[in-house]
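Here are the chains, one letter per residue:
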Amino acid sequence: GENVEQHPSTLSVQEGDSAVIKCTYSDSASNYFPWYKQELGKGPQLIIDIRSNVGEKKDQRIAVTLNKTAKHFSLHITETQPEDSAVYFCAASNSGYSTLTFGKGTMLLVSP
Amino acid sequence: IAGITQAPTSQILAAGRRMTLRCTQDMRHNAMYWYRQDLGLGLRLIHYSNTAGTTGKGEVPDGYSVSRANTDDFPLTLASAVPSQTSVYFCASSAEQGDYGYTFGSGTRLTVV
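Residues numbered from 1 in each chain as written. Chains lettered and ligands numbered in written order. Predicted model: local features only at pLDDT ≥ 70, side-chain atom pairs only at ≥ 80, totals over all residues. Heavy atoms only, no water.

**Section: the state of the cysteines**
Under the defined criterion, the tally for this structure stands at two disulfides over all chains. Disulfide pairing is shown between C23(A) and C90(A); the S-S distance is 1.9 Å. On the S-S bond that ties C23(A) to C90(A), the torsion sits near -100 degrees, and the link is left-handed. With C23(A) in strand 3 (residues 19–25) and C90(A) in strand 9 (residues 86–94), this pair connects stretches of sequence that are 67 residues apart. Residue C23(A) shares its accessibility class with C90(A), and that shared class is buried. Sulfur-sulfur distance for the disulfide between C23(B) and C91(B) comes to 1.9 Å. What sets the handedness of the C23(B) and C91(B) disulfide is the S-S torsion sign, and at about -70 degrees it is left-handed. Of this pair, C23(B) sits in strand 3 (residues 19–25) while C91(B) is found in strand 9 (residues 87–94), placing the two residues 68 residues apart along the sequence. Grouping residues by exposure puts C23(B) and C91(B) together as buried. (Disulfide = S-S within 2.5 Å. Helix = DSSP H or I, 4+ residues; strand = E, 2+ residues; numbered from the N terminus. Buried < 20%, exposed > 50% of the residue type's maximum accessible area, 1.4 Å probe, protein only.)

What follows is the structure, encoded as structure tokens:
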């Protein structure tokens, strides 16, 4: 099955700085890579996703890049704000079960 | 408000007891999932259902069972709870099998003592 590694496990930045979270995956057949944001006491919420036929996707301050050859993808947040503080999860589609396999999560703390 | 409802929000359960976590969605999604979230381990798939009447095992199915009698409901049952099942449980749904636009519920925090 799919295996997803996520780094770093914690990330502290100053407000206005950029934050980058990286993930690698093992299943070369995976074709969908979403990112979820989880705030304290809530369920994960989809913030951006990318499919394997695209190398980069942007949505305002958030961008995701995908390198299929190296089997890694990254989340980039620019001009970070305190409300960006949360746990972020990457995931990859599991071609065997049509489900998602998640990384272990990154706790992002943005200090004012 | 359309979405997923999980109940209870939290529960303390004695080891050996039976417990059913409830999950109901009103979006008419065909696929539903149960994940458990543990610190440092992320979200791990327990069971899933691609459509009413079918279920499948995920990464960590032992000690859990599910049923999918209709489209809206996907209960998760712990037949005889053990302390290692202490976790936060999330139910999710998506429109179709292979559609990865998951909607998550707010979770059930379960403590087995």
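Text resumes after the structure shown.
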